[in-house]
Each structure stands twice: as C-alpha cells, then as structure tokens.
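Each chain, written out:
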Amino acid sequence: MSVLAASWRPFIGFVLLCGLLWWAYLPGTHGPAMLDDFSSIEGREYIEGNAAEAMDYVQGNRSGPLGRPVSVASFALERWLYEGDVSAVTKQNNVVLHLLAGSLLAWLFLLLLQSAGVPSAASWAVLGAGLWMVAPLFVSTVLYSVQRMAMLAAVFSLGALVAYCYWRKAFLEGRFSAGLLAAIGASFLLGLYSKETAITVLPVLVCMELLWLQQSAVGGTRAVLLKRLAWMGVGIGALLVCLAFITFAKGSLAGFEIREFTLTERLLTESRILWDYLRQFFLPDVMRLGVYHDDVVVSKSLFNPQTTIWSLAAWFAVLAGCLIALQWPTGRRLVFCVAFYLFGHSTESTVLPLELYFEHRNYFPMMGIALLVVTLASLFVRRFPATSAPVRAYLVVAVGLLLIKTGSQAQMWSSSPLLRINNVLAHPNSFRANSDMAVQLAAVGALPAALEYSGRASRIAGERVGDRIVREVALACMANEKLPDSFYDVSELAGSSRPVSESNQVLVLARMLQDGRCDTGESLRLADRLRDRFQVDIEPASASAGVYWSLAVLENALGRFDVASEYVSLFLQQQPNHTQGLLMQLHFKTALGKVSDAKNIISQLDRKMAQSQLTDAEQQTLALYRER
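Residues numbered from 1 in each chain as written. Predicted model: local features only at pLDDT ≥ 70, side-chain atom pairs only at ≥ 80, totals over all residues. Heavy atoms only, no water.

Enquirer: Please clarify how the packing of aromatic side chains should be interpreted in this entry.
Expert: How two aromatic rings sit relative to each other is set out by the distance from centre to centre and by the angle between their planes. Overall, the coordinates contain 18 aromatic pairs when judged by the stated rule. An aromatic cluster is defined as three or more aromatic residues linked by ring pairs; in this entry it consists of Y164, W167, F171 and F176. Lying across the ring of F171, R222 places its NZ or CZ 4.6 Å from the centre. (Phe/Tyr/Trp six-rings, centres within 6.5 Å; stacked < 30°, edge-to-face > 60°. Lys NZ or Arg CZ within 6 Å of the ring centre and 35° of its normal.)

Right, here's the structure in full:
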C-alpha cells in the first residue's frame, strides 16, 4: 500500500498544483487587451455565425510568414461558440492551455528521466514541470491573449517530442509505428502553423536523441541507426540554415533599417538579454515583468555597456563547459538542457530584425532550464542520498514562492490602471509605457497630465510630429476636451516630408469618430492640416501605404469622400490591384457619382474573382455595388 501511495503522490501533487495555479491566474483573465491583441484578434468580432466570415478571418490574418492559421482559428472558434465579449474566455482558455503545456512537460520529463535511470523519476518530473509552470516570467504570455500563438507552438512541439519518445521505444523493440510517426509530423505542422518558432523543435529533437536518449546502453543496431539518422539531421539542418542565410540575408539586413540598432548591436544585446531571462526565471524582479521592454539598453560595443563583455565571456565559459561535459554520458544530458534553451531562442533572439526583448520568447526554451534544474538535483541526491528530502523540500518551497509571485502578477493584470501605473514606474524610459499612461489619464479626464506623458513618450522615441499630434487629438477626444487653436500651429508639421508613420493611431481616431466619442470639429482641424501636407501639388509629403489607408478611413468617417478617394489613390500607387483598396475606392467613386470610374473598378475586381482571388466576403461586397 505504501508503494502504491508513493506512486500516486506525484500525480496528486501535480493535480493540486494545477488547481492552485488556475486560482492564481483567474483574476488576471478579466484584464485588458494589450498591443497586438487589437490587430490580431479584434477582427473576430465581425464573425456572426457564418462559416465564410470565419474562414475569411482566419485566411486574412497576416501574422508571420505562414499566417498562423491554427492559432487564429482558435480565436475564431471562441467567437463562434460564445456570445458577447469573449476576451475573458480567451484568457481563461490560455490558462487551460498553460496547464496542458505543463502536463505535457511533466510527461516528457518523466520519459526522459526514466530513460536515464533516475530513481523516483515521477516526483522529479512533477517538480521540474511545476517550477516551469509557476514562473512569473510567463504571466505576460498566458494573460496576453495573442501569445496563444507561442503557447500553441510550444504545446504541439511538446506533443512531437513525447510522440518521438514512444515511437523510438517501439522502434528499438523491433516495431515501426506509422501512427506515432504521423503524430510527430502532425504535431510539428500544427505547431509550425500556430507560430513559426515551432521550427526550433527539430534541432531540440535531434539533440534529445544524440545527447540524452543515446546515453542509455539499449537498442543495439537500431539505436546506432537512429544515431546515424540524427547526425544526418545535423548535417541537413546546418545546410538548410546556410541556404536560408544566403537566400534571405539581404532582406533580413534591410529590416534593420527601421530599427534603432544594427545586426551586430542586436547580437551583442541579446547576449545580455539571454542572461536576464534566466535571472527573471529564477529570481524574478516582478516590477520589471510585463510586455513593455522597449527601454532595453542597446549594446553599442563590447564595453558599452560594460556588462556586454561579461555576458559574452560567461556564454563562452558555458560553451567551454559544455565541450568538456560532452566527454561523459551524464555531462551530455546536461549539455542537452543548455542546447534546448539556446536552440529554443535561435529564431527570435539572433539575426532576425525583431524587437530585442519579449518574455513570451522563453515559453518553450525555458523548459530546457527546468529540466537542467531537476537533472542536477537528482544527480546531487544520487551522490548524497541523505539530502533527498531536503532537496525536494527546497524545490517545493521554491515552487510555492514563485506561485505567490505569479498570483500577485496576475492580480496586477486584472486592472488596466494598476497595470499601466506599474509599467510606467518600472519602465520610465519606455515609449509604450508612457503613451499607455497618457491613455489612462485621458480616460479619466486628466488631459493636461495625459499630454505630459504623451510628450515624454514622444521625446523618448524621437517620433514624427504628425504621430504625436494624432495621438494627442485622440487623447483630447477620450478626455472630452478641446485643444487650443495654437496646438495645430506646429512648424515641424509643415516642413516634414514624412510627418506620419504610425497608421494604427489614425485608425483609433477614426474609430472614435465613428463611435461618436470624438468631436468632429477637432478631427476636421487635424485632417485639414494633414491634407495640406499630403495633397498638394508642390512637394507633397509622403507616407507608407498603411498610413494612406488609415487617412482614407479617417476621411470616410468625416464624410469627405473626395479627400478619402485621393488617399486611396495614393495607397493603390504603392499596392496596385489590392482587393480591399479597390473595394474602398469603389465605395468612394460610387458615393461621388463617378459611374465610369466605378465600372472600371468593378471590371478589375471581376477579373480577380475569375482567378479566385476574392474571398466570399469580398465577393458579397462586390455584389452589392453591382446591384446599384
């Protein structure tokens, strides 16, 4: 009976931990939408029980190179199943997904530790998975709705690793399981179409075979065959990485033109950031946790800041230690844990021109660090058996303390004012934190204070004058106050060749106008100033296609279809034959009574429809104009 109780004890503890973690996260599920939530999820509100609308929403998403249809489909499904505001449901489902990820991680740890002959593998697996699950570092992943993309990619990656362990066991026993092999492939593809970072599971799987599973002296010639296949995977992977670098190097380097750092500066900075992620996992500074890290200090050289050289030296020491550890089976398992972390970061923390710091990037890689902790702990206990109970107790206490911190973070995420105040206090040099605080103050009518934070944000980012003006007009609308006439007398606006770069702020203002939350006169004054820069015959200002689109939406909300049509024409110069642009132009030409122009646009859209280039919703919209 005692043996049976001992075998069930880890399972019962894990179930209890899942219940406590759900309770800790629950307050945060009623918190506000953040950043990319608006652009990636908001469109599902127009799905009204129509399968065609749901498919258009999924296929129309432009997140990442592959569109991430699996993640987007999950958002659409929530809208399909639930009525009203589903934002809390989305966050609650994210918590459930986090618990599922933790369960799969415990399963994977169990399989790996058992293969290594670790005594009491189940208890170590639960402790390792628990350490990962309760980390406050992941609150900004779980409660940031759009980061379901990273979570699903991790869940399917774990599914692939677990399935591989079972397929490998069957293969070594002389059986070839096509079903498990299909499960590995399906999990990988589902992960890849959830978020492209799931590609990192391939090097992790190869390293798991070579550095962990191959250390068990079982399998005979079949194990040797798997080893050879794994080394082939290393060679093919290295070749594909080189080809990808050669093919996409030019485009990747071009992406740094819109960043405030170079490729070299990014790599130097990431050497520091990878250590900071580890610190935040083990010793979290909860004040700094969150989604706003645009204030991270860029490494301009090896000695600026000085921590750069020390961070690089520390990584070289780790790599040197790994080379030495490769001489022993146990050391190779430890190297696998480090490789798990580094390969997990290989897409978003290396050469791609992405922003420097985001906590959600650790969701999959940090699993390797959790495995490293329990592997070291189990080795220590095996060497010193008398420490078994104290070491386990220490890990349980660590899990409990981290759970308390996670609960406090989730509580903060439940309140928009509390979250914004904390962000601006922790990140006073963050553009996003200051602009968010401006929005919070404007919402309670404190326009002067809101404008002060907006000005601070503008100075931090060195943003274009038009972007600041648009934001502050929107702040005045939120506060239901008028701006002085002198506000629009900005000489920089008249002299700027590219005064607006942020299209989302213009769209926010247009939506406020459509919803009746903004004074038309205030918006007209802004629109007139922008029109004076963009629609003149001599030296007109220029902008991106997205800005022209947003300005057309603003003019449409103001009912000035002639001005809006001019902006759409500028948009179509950069995006010719763009379906939505043509439909918008058709709307304006029809409203202006320009029948001949409207017919030409309809003919152009008919040709696209004949080539199956229009979605069902676009075809329905076009049909409405044919009937007129």
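From this point, the discussion proceeds with the structure in view.
Enquirer: Hey, could you run me through the pattern of salt bridges in this one?
Expert: If charged atoms from side chains of opposite charge come close, those side chains can pair. Counted by the stated rule, this structure contains 18 salt bridges. For the salt bridge of E173 with R175, the shortest nitrogen-to-oxygen distance reads 2.6 Å. We note a salt bridge from E472 to R468, for which the minimum N-O separation is 3.0 Å. Placement of the pair is E472 and R468 together in helix α20 (residues 465-479), with a separation of 4 residues, close to one helical turn. With relative accessibility at 5%, the residue E472 sits in the buried group. (Salt bridge = Lys/Arg side-chain N within 4 Å of Asp/Glu carboxyl O. Helix = DSSP H or I, 4+ residues; strand = E, 2+ residues; numbered from the N terminus. Buried < 20%, exposed > 50% of the residue type's maximum accessible area, 1.4 Å probe, protein only.)

Enquirer: Would you explain the layout of surface pockets in this entry?
Expert: To find leftover empty space, a probe the size of one water molecule is rolled over the atoms. Taken as a whole, the second largest pocket holds about 780 Å³ of empty space. Around the second largest pocket, the lining comprises 28 residues; the ones closest to its centre are L319, V338, A339, L342 and F343. Elements with a minimum of two residues in the lining of the second largest pocket: α10 (201-212), α11 (220-255), α12 (263-282), α13 (307-325) and α14 (329-344). Ranked by residue count, the leading element in the lining of the second largest pocket is α13, at 6 residues. Considered class by class, the residues forming the lining of the second largest pocket number 19 nonpolar, 7 polar and 2 charged. (1 Å grid on protein atoms, 1.4 Å probe; cavity = no way out; pocket = protein on both sides within 12 Å on 5 of 7 lines; lining within 4 Å. Points joined across faces, edges and corners; volume = space filled by probe spheres on them. Nonpolar A, V, L, I, M, F, W, Y, C, P; charged D, E, K, R; others polar.)

Enquirer: Which parts of the structure should I look at to understand the nonpolar core?
Expert: Ranked by size, the top nonpolar core spans 177 residues in total, and within it W132, F336 and M366 carry the most contacts. Once you skip the residues sitting within four places of it in the chain, M366 turns out to touch W132, L137, F138, Y277, L278, F281 and Y341. (Core = buried A, V, L, I, M, F, W, Y, C linked by side-chain atoms within 4.5 Å. Contact = heavy atoms within 4.5 Å.)

Enquirer: Is there a simple way to explain empty space enclosed by the protein in this structure?
Expert: The tally for this structure, following the rule as stated, stands at 2 cavities of 30 Å³ or more. If you add up the space inside the largest cavity, you get close to 140 Å³. Lining the largest cavity are 18 residues, with T197, E348, R361, F364 and P365 positioned closest to its centre. It is helix α8 (residues 148-172) that provides the largest number of residues to the lining of the largest cavity, a total of 4 residues. Looking at side-chain class alone, the lining of the largest cavity contains 7 nonpolar, 8 polar and 3 charged residues. Forming the boundary of the second largest cavity are S140, Y144, G290, V291, F358, E359 and H360.

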